[in-house]
Amino acid sequence: MGLLQLFLVLFLICTCSGFGVDPALRISLFDELTLGEGGFDGVTQVQGFHSESRAFHFQGTSREVKAPAEISKRMVQKLKGKNEFTVLATLKQDHLNSGVILSIHHSEHRFLELESSGQRSEVRLHYRTKSQQDHTEVFPYSLADDQWHKVSVAVSASHVILHVDCNRIYERVVEAPFMDIPEDTSFWLGQRNAAHGFFKGVMQDVEILVMPQGYISQCPDLNRTCPTCNDFHGLVQKIMELQDILAKTSSKLSRAEEKMNGLDGCYCERTCSAKGVVYREDEGWTDGCRNCTCTNGTVQCEAISCPPPQCPAGTAPAYVKGACCKECLPVCLFGGRELVEGDQRAVRDSSDRCLLFECRERSMHRVVPNDPCPELNCPESEKITLSSRCCKVCRGHDFCSEGHGCMEHSDCVNLEAGDCCVCKDGFRPLRDDNAYCEDIDECAEGKHYCRENTMCVNTPGSFMCICHTGYIRIDDYSCTEHDECLSGLHNCDENALCFNMVGGHSCSCKPGYTGNGTVCKDIDECVDGFVECDSKSTCVNLPGWYHCECRDGYHDNGLFSANGESCVDINECKTGRNTCANDTVCFNLEGGYDCRCPHGHNCTGDCIHDNKVKHSGQIWVLDSDRCSVCSCQAGQVMCRRMVCDCDNPNADLFCCPECDPRLSSQCLHQNGLLTYGSGDTWVENCQQCQCLQGQVDCWPLPCPPVDCEFTMVPEGECCPRCVTDPCQADTIRNDITKTCTDEHNISRFSGSSWIKHGTECTLCQCKNGHICCSVDPMCL
């Protein structure tokens, strides 16, 4: 049975089982933080959803509910490296509050954070991916309605399920979380940190279960029946590990066989091996145009010096196959020219018939060809007549494929009427026809570019610059004692690239930003006129980038063109996205629609909104958004945000946060240095943030969808772009049916990685049938 068939069988054969939770797999945040024993301001014990466990009310913004270092370390050990876990909570969140339920983060990186935004009616799961990228998975759902909810987020490798009140709300396949959590990671409950993300409301039974489908402990009726996505990923991982073990074992066996084979010619003296031949100590041989000797187990070669040949009359110097120096060969006189032994010439007689002659034993002998000339598939103007053969050839004929005398380190190059030899880069000719070439020692001859703190090492056809012990590589040619960029001892802007140099560093703004490197500002491509979006789209600026977003009444046709040309009209009449009443007829327009009254009818002009009839001229406030005002005008519903008048003392501060003058409604920026007023917005780490009545809510910047196999996020940008080179991609849609074959002829699944045979610093990875290898320069 094949591997893929085995996986399918495992998914199809499902068995029922009971559900129990091993205490070693349960992390109870309330118990670990010893809530209820005092010590946390802003947290009080209250009546919960049920009386079987304790519930706590979280209020205010002066609290710091953070696990001590030893407790955090103990919880990290349970979670570290796990691919399956479930975050559970029973909660009643204050109306429109935006807050963090649980946050596990190290420095600026959130390894696992569950957040509920009442302002945008979203549940957000923040985590780190295996490609070391921050990721936010957004689930549109409102928990902040002052009602009790049972919430669970179950993660099984790349499979995420959100349950609310024992109902499966969302099920998605995402990039798998990276749970290699550092030991000094922080655990926070009910807030992101001491300044942001304060959850307001009551929480009960906040737990992390390190097991598959942990939501069953919250909702027993949802009992597990089938293997999880992680079970499948685990099997694939085991196969990959076995493949790696097989490759390493094959390599060891190969080396062992080589050693065993070498025992047959083993002597007490040291030997040399060259081109598969073993030579004894002091044994000499000729290798092309070099005389070589085996000295103390090392091959030492010197170029052969050819003296000018002194040829007697009737002979001439010429190269002979297998010999380095020219030899004296007999000559023939033909048409007033001298030809050496073996040369051929073609002539035509009075009837234009081609005759071929060859120089043999000092005279020209006619050669009768055995086969007729092949048919040529080229026009007459492209046919070439050669002096050494009767048959014509087409222009661009591959003479090299007919056999050539170019030896090692020399390439055969086709010419119009023949071929010639050319030495490869890094080699020089040993004779004038370039058939034999020798390596140029750039280090010994001073033809290298190695700079400070390096040592030049010659390699065949090139050279390497090796850092002196204790020094750090800057580039291919120079090293330095300190890496100011890596250590953070630089003054580059956060939106700049740092380049380490000997004795210092330099800064350069990332693409999409402008400045001197120490100060970089985002280029607003939309305002500065760098881009021109199609008339059916509008330009949206993003940090370091932009995209053209379809206007209202249009949607993308799936091609996602950069300038918005792929935006096409939405037919509101066919799709039912119109508000025309029954007595009118919907008529589609470019970017919109019109409600028209049939000829001879007296139409009311009423509208249909949320399955309710609204009379023409009627104005109302949306039930789902008290800040939006709608009106019915000639069959069409027009909605807009409420106009804010801050001079009106009765202004709704919820809809008009910019009118809130209270200091308690201000917010502190993530860096702790800037203060924002209620209603202010800003961008931070590829997230759009807003201050609303003292609370900061951040959500991922909108990115245009990309539908391709390989994507990458360029430096300084927030959104992925499609790339054709899989080796440049940050993210790929892994297809395990597209395997790679490594140097041991072992099949590798897409996503697997291995150290290349014979190296210590070259890591290879299979990306959907493509092998991508890279060398870690710090490993050299």
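This structure is a prediction, so every number in the text was calculated from the model and none was measured. (Residues numbered from 1 in each chain as written. Predicted model: local features only at pLDDT ≥ 70, side-chain atom pairs only at ≥ 80, totals over all residues. Heavy atoms only, no water.)

### Some thoughts on the overall build of the protein chain
Then comes step 1: Broken down by element type, the protein chain carries 7 helices and 62 strands.
Then comes step 2: For 780 residues, the compact-globule formula gives about 28 Å, and the C-alpha radius of gyration of the protein chain, at 39 Å, lies well above that figure.
Then comes step 3: Relative to its full complement of 780 residues, the protein chain shows a buried share of 36%.
Then comes step 4: When the accessible area of the protein chain is evaluated, it comes to approximately 43900 Å², of which 50% is carbon and sulfur surface.
Then comes step 5: With 68 positive and 111 negative side-chain charges, the protein chain shows a spacing of 3 Å between the two charge centroids. (Helix = DSSP H or I, 4+ residues; strand = E, 2+ residues; numbered from the N terminus. Rg over C-alpha atoms; globule rule 2.2 N^0.38 Å. Buried < 20%, exposed > 50% of the residue type's maximum accessible area, 1.4 Å probe, protein only. Areas by Shrake-Rupley, 256 points an atom, 1.4 Å probe, with all protein chains shown as cover. Lys, Arg positive; Asp, Glu negative; His and termini not counted. Charge placed at Lys NZ, Arg CZ, Asp CG, Glu CD.)

### Here we look at the pattern of salt bridges
Then comes step 1: Following the criterion strictly, the structure yields 34 salt bridges and no others.
Then comes step 2: We note a salt bridge from Arg-168 to Glu-171, for which the minimum N-O separation is 2.8 Å.
Then comes step 3: Assessed through its relative accessible area of 46%, Arg-168 is described here as partly exposed.
Then comes step 4: In this structure Glu-171 comes out as partly exposed when scored by relative accessible area, which is 42%.
Then comes step 5: Each of the salt bridges in this network shares a partner with another, and the network as a whole consists of Arg-110, Glu-113, Glu-115, Arg-120, Glu-122, Arg-124, Arg-192 and Asp-697. (Salt bridge = Lys/Arg side-chain N within 4 Å of Asp/Glu carboxyl O.)

### With respect to the state of the cysteines
Then comes step 1: A complete count under the given rule lists 33 disulfides for this structure.
Then comes step 2: The disulfide partner of Cys-292 is Cys-301, and the gap between their sulfur atoms is 2.0 Å. In this structure, the disulfide formed by Cys-292 and Cys-301 twists by about 110 degrees around the S-S bond and is classed as right-handed.
Then comes step 3: Since its relative accessible area comes to 29%, Cys-301 is described here as partly exposed.
Then comes step 4: Each sulfur in the disulfide pair Cys-354 and Cys-390 lies 2.0 Å from the other. Judged by the sign of its S-S torsion, about -85 degrees, the bond between Cys-354 and Cys-390 is left-handed. One end of the pair, Cys-354, is in strand β23 (residues 354-360); the other, Cys-390, is in the loop between β25 (383-384) and β26 (393-394), with 36 residues separating them in the sequence.
Then comes step 5: Looking at Cys-420, it has no disulfide partner, and the nearest cysteine sulfur is the one in Cys-421, 6.9 Å off.
Then comes step 6: The partly exposed category is assigned to Cys-420, whose relative accessible area is 27%. (Disulfide = S-S within 2.5 Å.)

### Some details on the environment of Gln-687
Then comes step 1: Looking at the element boundaries, Gln-687 is found in strand β53 (residues 687-692).
Then comes step 2: The exposure class of Gln-687 is buried, given its relative accessible area of 10%.
Then comes step 3: In this structure the C-alpha to C-alpha distance between Gln-687 and Cys-456, which are 231 residues apart in sequence, comes to 47 Å.

### What to know about the packing of aromatic side chains
Then comes step 1: All told, the structure shown has 10 aromatic pairs when counted by the stated rule.
Then comes step 2: The rings of Tyr-449, Phe-463 and Tyr-477 are connected pair by pair, giving a single aromatic cluster.
Then comes step 3: Above the ring of Tyr-319, the side-chain terminus of Arg-431 is found at 3.9 Å from the ring centroid. (Phe/Tyr/Trp six-rings, centres within 6.5 Å; stacked < 30°, edge-to-face > 60°. Lys NZ or Arg CZ within 6 Å of the ring centre and 35° of its normal.)

### Some points on the sheet that holds strand β5 (residues 98-106)
Then comes step 1: The 5 strands are arranged β8-β7-β6-β5-β12 in an open sheet whose pairing can be described as antiparallel. Looking along the sheet, the strands with just one partner apiece sit at the ends: β8 (134-140) and β12 (186-189). Mean inter-strand twist for the sheet, computed between neighbouring axes without regard to direction, equals 10 degrees.
Then comes step 2: Examined bridge by bridge, strand β6 (residues 109-117) and strand β7 (residues 122-128) share 6 bridges and lie antiparallel to one another. When the sheet's bridge partners are listed, Glu-115 is paired in β7 with Arg-124. (Pairing = 2+ DSSP bridges. Axes fitted to C-alpha atoms, helices over the stretch in contact; angles between N-to-C directions.)

### Things to note about the nonpolar core
Then comes step 1: Counting residues in hydrophobic clusters, the biggest one holds 46 residues, and the most contacted among them are Leu-29, Leu-35, Phe-58, Leu-79, Leu-189 and Met-203.
Then comes step 2: With residues up to four places along the chain from it excluded, the contact list for Leu-29 reads Met-75, Leu-102, Phe-187, Leu-189, Val-206, Glu-207 and Ile-208.
Then comes step 3: Tyr-676, Cys-689, Cys-691 and Cys-698 belong to the second-largest nonpolar core, a separate cluster that totals 7 residues. (Core = buried A, V, L, I, M, F, W, Y, C linked by side-chain atoms within 4.5 Å. Contact = heavy atoms within 4.5 Å.)

### As for the side chain of Thr-86
Then comes step 1: In this fold, Thr-86 is placed in strand β4 (residues 84-93).
Then comes step 2: Here the side chain of Thr-86 touches Gly-214 through a polar contact of 3.0 Å, landing on its backbone nitrogen.
Then comes step 3: When sequence neighbours within four positions are dropped, the list of residues in contact with Thr-86 reads Ser-152, Val-153, Ala-154, Glu-207, Ile-208, Leu-209, Met-211, Gln-213, Gly-214 and Tyr-215. (Polar contact = N/O pair within 3.5 Å; in protein donor to acceptor, adjacent residues only side chain to side chain.)

### Side note on unusual backbone geometry
Then comes step 1: Not every positive phi belongs to a glycine, and Asp-165 is a case in point at roughly 55 degrees.
Then comes step 2: Within the secondary structure, Asp-165 sits in the loop between β10 (159-164) and β11 (167-173).
Then comes step 3: For Asp-165, a relative accessible area of 33% gives the class partly exposed.
Then comes step 4: Located in the positive-phi region is Lys-275, a residue other than glycine, with phi close to 55 degrees.

### Some points on the sheet that holds strand β24 (residues 363-367)
Then comes step 1: Read across the sheet, 3 strands follow the order β22-β23-β24 without closing on themselves; strand pairing throughout is antiparallel. Of all strands in the sheet, those bounded by a partner on one side alone are β22 (344-348) and β24. With direction set aside, neighbouring strand axes in the sheet form an average angle of 35 degrees.

### Focus: the pairing of strand β3 (residues 55-58)
Then comes step 1: For strand β2 (residues 43-46) and β3, the ladder comprises 4 bridges, and the chain directions are antiparallel. Each residue of the ladder has a partner; that of Thr-44, found in β3, is His-57.
Then comes step 2: Of the strand pairs in this sheet, β3 and strand β13 (residues 201-209) are connected by 4 bridges, and their pairing is antiparallel. Along β13, the bridge assignment pairs Ala-55 with Gln-204.

### Examining the side chain of Asn-768
Then comes step 1: With respect to the helices and strands, the residue Asn-768 is situated in the loop between β61 (762-767) and β62 (770-775).
Then comes step 2: The contact partners of Asn-768, leaving out residues within four places of it in the chain, are Glu-709, Phe-710, Ile-732, Arg-733, Asn-734, Asp-735, Lys-738 and Ser-750.

### Points about helix α3 (residues 69-79)
Then comes step 1: All buried positions along α3 are accounted for by Ile-71, Ser-72, Met-75, Val-76 and Leu-79. One side of α3 carries all its buried residues, which in axial view fall inside an arc of 140 degrees. Exposed residues on α3 whose side chains face more than 90 degrees from its buried face are Glu-70 and Gln-77.
Then comes step 2: The inward-facing, buried residues of α3 contact β1 (26-28), α2 (29-32), β4, β5, β12 and β13.
Then comes step 3: Just downstream of α3, Gly-81 is the residue with a positive phi angle, here 75 degrees. (Arc of directions from axis to C-beta.)

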